[in-house]
Amino acid sequence: MKVPEHKEIRELARRFLSEQGGALRAYEEEEAFPWPLVEGMARLGFLGVFVPEELGGAGLDFWAYIALLEEMGGYASLRSVLSVQQSLVLTPLLAYGTEAQKERYVPRLARGEVLGAYALTEPEAGSDAGSLKTRAYRDGDFYVLEGQKTFISHANVAEVFIVFAKTDPDQGSKGISAFLVERQDGVRTTPLKGKLGLRAADTGMVFLDGVRIPRDRLLGQEGEGFKIALSTLDTGRISLAAGAVGLMQRALDLSLAYAKERRQFGRPIASFQLIQEKLAEMKLDLEASRLLTYQAVAKKLSGERYTLEASMAKLFASEAANRVAYRAIQVHGGYGFFEEYEVARLYRDARILTLYEGTSEIQKLVIGAHLTGIRAFA
């Protein structure tokens, strides 16, 4: 779908990456969060694309957001900032937050004045999110949170956390609630370094040691946390699929340019049938992923449940991105194995796509459950 505002945001993103994208490499090498680049994205309105203007956002539609993620997908550390801020933090705030909560948090998040984090995963609760052990106890007009989270994006740079904790452990996943927690409430974090990819994206652990927050920081109702988590992940999976599409587009563009320039046996390697086969396979994976992503977006915007479509898009696009990145390395040959060539970073960045916000295995279980009406896990 193309309308003027979608074309404009794509052009803005391309111009931003053309002017500043090259600076990302230094942050990747140092495993440092690229604050100047994030601030630049914030000034362009990239951190609150679909947030209404009256709440500090750009007031565009969800298609514009998807267009932005596609353009930024080849720079995954930057794309992840956009996805976390909007799909994982602003989406549940807009859907479940009270008016007071929205007024307090949404404008600052949408303008990029502060960053947010989505704190669900724990050391012993990854794919099995319902088994989390973080507790939230009622104490008069307050909740007291005890527990820890791991693999949390923005853990060390966020000021606002959406934290999932059990308010009624006897109810299993139905006893999970969601809370809005601020760093100044006493949240402690520590970085997790040494990632294969997304090296300029912040990842860490979050420690909640008796963190005390007012009762009005409950997001939604008690016991709604698991529902909030899953509905949020549906949107998150679409955003990851869109990012994967962008990564594939970047890998294909770089491979085409290299294949036309690189000469062997007296001619460009683009003239070799086996190279053309690789490029054709990359194009097929790219366009199939794009169509599955767009189908999921359309289903989401129709107002119908879109869990199946989101899982299919995320599963196919994340796996396809790994295939495309692999072929990009093959097209570049030995040069593709060196960091000097961008396809090396794309190859590393693609790997995480099949793991977070639901592994490929979990997506298959979700799809299978929809097809059969039988859940393969409790």
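Residues numbered from 1 in each chain as written. Predicted model: local features only at pLDDT ≥ 70, side-chain atom pairs only at ≥ 80, totals over all residues. Heavy atoms only, no water.

- The name that an unreviewed UniProt entry assigns to the protein chain is Acyl-CoA dehydrogenase, with the source organism given as Thermus aquaticus.
- According to UniProt, the comment filed for the protein chain under the heading Cofactor (unreviewed entry) is "FAD".
- Quoted verbatim from the Sequence similarities (unreviewed entry) field of UniProt, the annotation for the protein chain is "Belongs to the acyl-CoA dehydrogenase family." (UniProt positions renumbered as here; feature names shortened; annotations may be inferred.)

1. As for the environment of Glu319
So, step 1. With respect to the secondary-structure elements, Glu319 resides in helix 9 (residues 307-332).
So, step 2. Overall, Glu319 belongs to the partly exposed group, its relative accessible area being 30%.
So, step 3. Sequence-wise, Glu319 and Ala241 are 78 residues apart; in three dimensions their C-alpha atoms are separated by 9.9 Å.
So, step 4. Among residues more than four places away in sequence, those in contact with Glu319 are Thr354 and Ser360. (Helix = DSSP H or I, 4+ residues; strand = E, 2+ residues; numbered from the N terminus. Buried < 20%, exposed > 50% of the residue type's maximum accessible area, 1.4 Å probe, protein only. Contact = heavy atoms within 4.5 Å.)

2. With respect to the pairing of strand 2 (residues 135-139)
So, step 1. Both strand 2 and strand 3 (residues 142-153) contribute to a ladder of five bridges, which runs antiparallel. Pairing of Arg138 across the sheet is with Tyr143, part of strand 3.
So, step 2. Where strand 2 folds back onto strand 3 in an antiparallel hairpin, the turn is made up of two residues, including Gly140, whose phi is positive at roughly 65°. (Pairing = 2+ DSSP bridges.)

3. Looking at empty space enclosed by the protein
So, step 1. On inspection of all chains with the given rule, the structure shows two cavities of 30 Å³ or more.
So, step 2. By volume, the second largest cavity amounts to about 30 Å³.
So, step 3. As for the second largest cavity, its lining consists of Gly73, Ala76, Arg79, Gly243, Ala244, Leu247, Asp349 and Leu353.
So, step 4. Looking at the lining of the second largest cavity, the elements that each hand over two or more residues are helix 5 (76-96) and helix 7 (225-261).
So, step 5. Among the elements that take part in the lining of the second largest cavity, helix 7 stands out by supplying three residues, more than any other.
So, step 6. Its residues assigned to classes, the lining of the second largest cavity comprises four nonpolar, two polar and two charged.
So, step 7. Residue assignment places the lining of the second largest cavity across two domains, with domain 1 (7-115) and domain 3 (226-372) each supplying three or more. (1 Å grid on protein atoms, 1.4 Å probe; cavity = no way out; pocket = protein on both sides within 12 Å on 5 of 7 lines; lining within 4 Å. Points joined across faces, edges and corners; volume = space filled by probe spheres on them. Nonpolar A, V, L, I, M, F, W, Y, C, P; charged D, E, K, R; others polar. Domains from an automatic or database assignment.)

4. Considering unusual backbone geometry
So, step 1. With a phi angle near 50°, Glu31 is a residue other than glycine that sits in the positive phi range.
So, step 2. Relative to the assigned elements, Glu31 resides in the loop between helix 2 (24-30) and helix 3 (35-43).
So, step 3. With a phi close to 55°, Phe265 is a non-glycine residue in the positive phi region.
So, step 4. For Phe265, the location among the structural elements is in the loop between strand 9 (263-264) and strand 10 (267-268).
So, step 5. Phe265 gets classed as exposed once you look at its relative accessible area, which sits at 78%.

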